[in-house]
Amino acid sequence: MSRSMIQQITIHDFRGFPGDCISSLQLRGKHLLLYGENGSGKSTIFHALKDMLRDGTAFTKNIFSDAPPTSGQVALDFIETLPDRVEPMLWMNDLSEGLIHPVGHRYFVTMARTSGFLDYRAILRFHTASDKGEEMNIFSLLVSGLLANVEYPTEAELTFDSEWQKLKQSVVKYRALPDQSPPLNKPEELDKIGFDPPLWRSEEEQSADEDTDDIGDYDLSAAYERFCENELQERNLGIERFNTALQLRLQEILGKANDYLNRFDTGMKISFSSTAPLPSLQGRTHSSWVEEAKLNLSVQFQMQNISRPESFLNEARLTAIALAIYLAVLKLEASSASNNPSPRLLVLDDVLIGMDMSNRLPLLKLLESEFSLADGWQVLLFTYDRAWFDIARQRLNPDNWVRYEMFSCRFGNAERPLLKEDDDHLFRALVFLEAGEVKAAAVHLRTKFEIVVKSAFNDLKLDMPYTYSYNKVPISNFWGRLKGETWKCKNGVGFAIDSKGKIRTWTISVASEVVIPSELVARIDHAISWIWNPLSHSQVIEHYRTEIEEAISAVEALEARIRFVVNSQNTTHPKHQIIEILNIIALQKEIQIVVEANSKADISAFETEINARVAALYGL
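Residues numbered from 1 in each chain as written. Predicted model: local features only at pLDDT ≥ 70, side-chain atom pairs only at ≥ 80, totals over all residues. Heavy atoms only, no water.

### Some points on the confidence of the model for the chain
For step 1, the next point in the chain: Taken as a whole, the chain shows an average pLDDT of 80; of its residues, 80% reach a score of 70 or greater.
For step 2, the next point in the chain: Considering each helix and strand of the chain separately, the mean pLDDT is smallest for helix α19 (residues 604–618), with a value of 65, and largest for strand β13 (residues 377–383), with 94. (pLDDT = per-residue confidence, 0-100. Helix = DSSP H or I, 4+ residues; strand = E, 2+ residues; numbered from the N terminus.)

See below:
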């Protein structure tokens, strides 16, 4: 179905965005990768979207600007993909009209229910869910956090957090019942606790009074006890319904979360305790009932069942578990709204702080496959880690992602965010070269070169040069190592028909070859010595436009070569693919000769063999 996507996000006079500064993020219907320094305003964008999709949330106006009071707003503009125009979604703190909330917008309900917001604070709360050496109880994190707006699988329109809050209030009301029934001459007290004495008479008392409206003379205390017992049963029925709905949803979550953990390649599998999360209520004196709610998380890792993951797993694995559970919850909840044309947001604010590169890269693949634009998702991925931003921007498809950089700048007495759309460093180099800014072009060229080379170490699974700090390793160490690296495709296969009409095969060994051909190495080394190094420092040299252009071309060729090697490592080398194609053609001719010479020849085995070769050749 046709979906609307977000064209732009506008934030004005909200939290870290002052009133004299209107900031717009042009998403153009794509995902967003955002780099921002600490304090630059990433969290303002996070909270602007999150708070906007919460009914009743107060608008947090910026208080540091010198500008006079203004009408603050957060607005979402949509790309026109539907037959009728979709109005912008507007959350406004108007000076004259007060708070204007978008609860009536046609997309509000679905976006509020299917959009996800996760920041590093939530990840840290997961890490410290149990800090007393006990089992990891994530009941509160799950029910009031991840599942807060998720609907019951058994009853539509009921969400886990709202039902949990109602259940707690109901128990508080039950505990507040007086020990003895209020006297009949105080009907206001009877109404307050919901006790209607005639409804709780015994069968004998009801029979005696069935012909009169007068309650007569009966045991009021016994009636009150029957009322209290019924109140207890009603609470326990509610608890049972809640447990049933939660356990049903947990089974769905586990299956998808473990699938995501498998994609992270962490070697872990999670499970929840099989006992009912909420205990039955044991009378009005059961004061510790809320604290007894338990949903213990266990992790299977290296043949061990770990009940205290925070004591035995590192920060990266705990973060992977938290992300897997959260993304599974969100994916399951959004599936129930698949027929709604509204976009779905997934906003992740610095959630990868504790994850190493081996888990960060699989997460990018997971986000692109499970939360794709085709399914109506728009992922907003924020980070303060510049090195990670540069790596991510190399791997994410520019057709699906827009990239921004964000900085905090001081104007007068106030700070304001500066949003700058990110362009590839090669493009920036060309722009500066066109403007005659040769030194600036050289700096962007060198930056691009360093990103390509360092990324190659991750893509080719090469060991990094050892140091106590990754950023302290000079680029010459990486480049010197990469120049000497070799790679090897899969071995090819040769085959032919022998004199008896049978197919014979043999392996065509593939010789290893260098990752970077010598001609390309010479081009890059020339650029390093004659262009980047001198132009990146104060040294003055003669420079020519053609040499700068050649350096740009060399870096482009380097990036393409590394991409080719990465994509070819698990496939047959192109020249051996040609050999196999020629062999298949020759083999088909030989089979035809056999068939013509003997009309009874069975060619099914030949056809099976050829089909298998073609399938292997093209990865079918």
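### What to know about the pattern of salt bridges
Oppositely charged side chains are able to pair whenever their charged atoms sit close together.
For step 1, the next point in the chain: In this structure the tally under the stated criterion is 23 salt bridges.
For step 2, the next point in the chain: In this structure, Glu421 and Arg28 form a salt bridge, with 2.4 Å as the shortest nitrogen-oxygen distance. Placement of the pair is Glu421 in strand β15 (residues 414–421) and Arg28 in the loop between β2 (17–26) and β3 (31–36), with a sequence separation of 393 residues.
For step 3, the next point in the chain: Using a relative accessible area of 36% as the deciding quantity, one classes Arg28 as partly exposed.
For step 4, the next point in the chain: A salt bridge links Glu189 to Lys186; its shortest N-O distance comes to 4.0 Å.
For step 5, the next point in the chain: The class for Lys186 is partly exposed, based on a relative accessible area of 36%. (Salt bridge = Lys/Arg side-chain N within 4 Å of Asp/Glu carboxyl O. Buried < 20%, exposed > 50% of the residue type's maximum accessible area, 1.4 Å probe, protein only.)

### Some points on helix α3 (residues 120–127)
For step 1, the next point in the chain: Turning to α3, its buried residues are Ala122, Ile123, Phe126 and His127. Taken around the axis of α3, the buried residues stretch over an arc of 150 degrees, which confines them to a single face. (Arc of directions from axis to C-beta.)

### Focus on the pairing of β3
For step 1, the next point in the chain: The buried fraction of β3 amounts to six of the six residues, a majority that puts the element mostly inside the structure.
For step 2, the next point in the chain: Alternating residues of β3 divide into His31, Leu33 and Tyr35 and Leu32, Leu34 and Gly36, and every residue in both groups is buried.
For step 3, the next point in the chain: Direction of pairing for β3 relative to β13: parallel, over a ladder of four bridges. The residue bridging Leu33 from the neighbouring strand is Leu381, located in β13. (Pairing = 2+ DSSP bridges.)

### Re the environment of Val299
For step 1, the next point in the chain: Relative to the helices and strands, Val299 is located in strand β10 (residues 296–301).
For step 2, the next point in the chain: Separated by 30 residues in the primary sequence, Val299 and Lys269 place their C-alpha atoms 5.7 Å from one another.
For step 3, the next point in the chain: Ignoring sequence-local partners within four residues, the contact set of Val299 consists of Met268, Lys269, Ile270, Gln304, Asn305, Ile306, Pro309, Leu313 and Ile321. (Contact = heavy atoms within 4.5 Å.)

### Focus: the nonpolar core
For step 1, the next point in the chain: The biggest cluster of nonpolar side chains holds 89 residues, and the ones touching the most others in it are Phe242, Ile321, Ile325 and Leu346.
For step 2, the next point in the chain: The greatest single-element share of this core, amounting to 17 residues, is contributed by helix α8 (residues 220–264).
For step 3, the next point in the chain: Dropping the residues within four chain positions of it, Ile325 is found in contact with Phe126, Ile138, Leu142, Leu146, Ile253, Ala257 and Ile270.
For step 4, the next point in the chain: Listed in part, the 36 residues of the second largest apolar core include Val452, Ala456, Val521 and Ile524. (Core = buried A, V, L, I, M, F, W, Y, C linked by side-chain atoms within 4.5 Å.)

### Describing the packing of aromatic side chains
For step 1, the next point in the chain: Following the criterion strictly, the structure yields 19 aromatic pairs and no others.
For step 2, the next point in the chain: Here Phe449 and Trp479 contribute two aromatic rings whose centre-to-centre distance is 5.5 Å and whose plane-to-plane angle is 75 degrees, an arrangement assigned as edge-to-face. Placement of the pair is Phe449 in helix α14 (residues 438–459) and Trp479 in helix α15 (residues 475–483), with a sequence separation of 30 residues. For the pair formed by Phe449 and Trp479, the shared burial category is buried.
For step 3, the next point in the chain: Taken together through their ring pairs, the aromatic side chains of Phe139, Phe160, Trp164, Phe242 and Trp289 make up a single cluster.
For step 4, the next point in the chain: When the ring centre of Phe371 is taken as origin, the NZ or CZ atom of Lys331, which lies over that ring, is 5.5 Å away.
For step 5, the next point in the chain: Between the NZ or CZ atom of Arg386 and the centre of the ring of Tyr35, over which it lies, the distance is 4.8 Å. (Phe/Tyr/Trp six-rings, centres within 6.5 Å; stacked < 30°, edge-to-face > 60°. Lys NZ or Arg CZ within 6 Å of the ring centre and 35° of its normal.)

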